[in-house]
Amino acid sequence: MLTTKVKKCIDKSVLCWLATASINNIPNVSPKEIFNYYDENYIIVANIASPQTLKNIKQNSNVCVSFIDVFVQKGYQVKGKGFIIDKKDKTFSSMETVLLKMAEGKFPFSTITKIKVESIKPILAPKYILYPETTEEQQIESAKKTYGL
C-alpha cells in the first residue's frame, strides 16, 4: 500500500501527526519526529514521550497518521491499526535499527508504534484546489518566503 510516492513524501517530512482515540472516543493528536515506513504495509513511530498515545492505542487500535512536505505542501493521511511493539517482539530490533539511525542517539525509546496501513489519501494545501494552476515550484517559493529562507 505504501507506494514509492508515499515513501518519498515520508522521507521529506520532518514531522508526522499521530491521531488516536481513547476507549471513550476522546481524540488525541501528537506530533512525532522519529517515524518511517517499514516494508510496503507499515509505518513505524518511535514512542519517545507520548503516554496518552500508548494508552489510547492499547484501548482502541484505530489510528490516523498525517504528514506533509512543508515546502511543497502536499502529503498523505494514512489510516490503520496501531500496535505497540516492545523489545520482546521478534521484529523490534529490525524496526529499532531504522528509527535509531534517524534519532542519532538523541531520543531514547523502548517501544515502537507499528501501524498497519488500511487506507491512504492525499493531502493538498487549499491553494492547489482553489487555484489549480498553482505549481509545486510556486508553493516552494511561497513557503520559503513564509519561513524566511
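Residues numbered from 1 in each chain as written. Predicted model: local features only at pLDDT ≥ 70, side-chain atom pairs only at ≥ 80, totals over all residues. Heavy atoms only, no water.

## A closer look at the overall build of the chain
- Of regular secondary structure, the chain possesses five helices and seven strands.
- Along the chain, helices and strands appear, N-terminal first, in the series α-β-β-β-β-α-β-β-α-β-α-α.
- For 149 residues, the compact-globule formula gives about 15 Å, and the C-alpha radius of gyration of the chain, at 16 Å, lands near that figure.
- With respect to the three principal axes, the spread of C-alpha positions in the chain is 50 × 35 × 30 Å. (Helix = DSSP H or I, 4+ residues; strand = E, 2+ residues; numbered from the N terminus. Rg over C-alpha atoms; globule rule 2.2 N^0.38 Å.)

## Observations concerning the sheet that holds strand β7 (residues 111–124)
- Ordered by their spatial adjacency, seven strands build an open sheet running β2-β1-β5-β6-β7-β4-β3, and the pairing between neighbours is antiparallel. Strands at the two margins of the open sheet, each flanked by one partner only, are β2 (27–32) and β3 (35–38). Strand-to-strand twist across the sheet, computed as the mean angle between neighbouring axes with direction ignored, equals 30°.
- One ladder, built from six bridges, connects strand β1 (residues 16–21) with β2; its direction is antiparallel. (Pairing = 2+ DSSP bridges. Axes fitted to C-alpha atoms, helices over the stretch in contact; angles between N-to-C directions.)

## Some points on unusual backbone geometry
- Backbone geometry places Asp-39, a non-glycine residue, at a positive phi of 60°.
- Looking at where Asp-39 falls in the secondary structure, it is placed in the loop between β3 and β4 (42–46).
- One non-glycine residue, Gln-73, lies in the positive phi region at around 60°.
- Along the chain, Gln-73 falls in the loop between β5 (62–69) and β6 (74–86).

## Notes on the confidence of the model for the chain
- Averaged over the chain, the pLDDT score is 94; the fraction of residues at 70 or greater is 100%.
- Across the chain, β1 holds the top mean pLDDT of 98, while helix α5 (residues 136–146) sits lowest at 92. (pLDDT = per-residue confidence, 0-100.)

## Things to note about the pairing of β7
- Taken together, the five bridges between β4 and β7 define a ladder with antiparallel strand orientation. Bridging across to β7, Ala-46 finds its partner in Ile-112.
- In this sheet, β7 lies alongside β6 in antiparallel orientation, the contact comprising 13 bridges. Each bridged residue has a counterpart across the sheet, and for Ile-85 the counterpart in β7 is Ile-112.

## Details of the environment of Ile-68
- With respect to the secondary-structure elements, Ile-68 resides in strand β5.
- Overall, the relative accessible area of 25% leaves Ile-68 in the partly exposed class.
- Taking the C-alpha atoms as reference points, Ile-68 and Asp-89, separated by 21 residues in sequence, lie 30 Å from one another.
- Those residues in contact with Ile-68 that lie beyond four places of it in its chain are Ser-13, Lys-74, Gly-75 and Ile-123. (Buried < 20%, exposed > 50% of the residue type's maximum accessible area, 1.4 Å probe, protein only. Contact = heavy atoms within 4.5 Å.)

## Concerning the layout of surface pockets
- By volume, the largest pocket amounts to about 300 Å³.
- Mapped by element, the contributors of at least two residues to the lining of the largest pocket are α1 (4–12), β6 and β7.
- For the lining of the largest pocket, the element with the most residues is α1, which contributes four residues.
- Class assignment for the residues of the lining of the largest pocket results in six nonpolar, one polar and six charged. (1 Å grid on protein atoms, 1.4 Å probe; cavity = no way out; pocket = protein on both sides within 12 Å on 5 of 7 lines; lining within 4 Å. Points joined across faces, edges and corners; volume = space filled by probe spheres on them. Nonpolar A, V, L, I, M, F, W, Y, C, P; charged D, E, K, R; others polar.)

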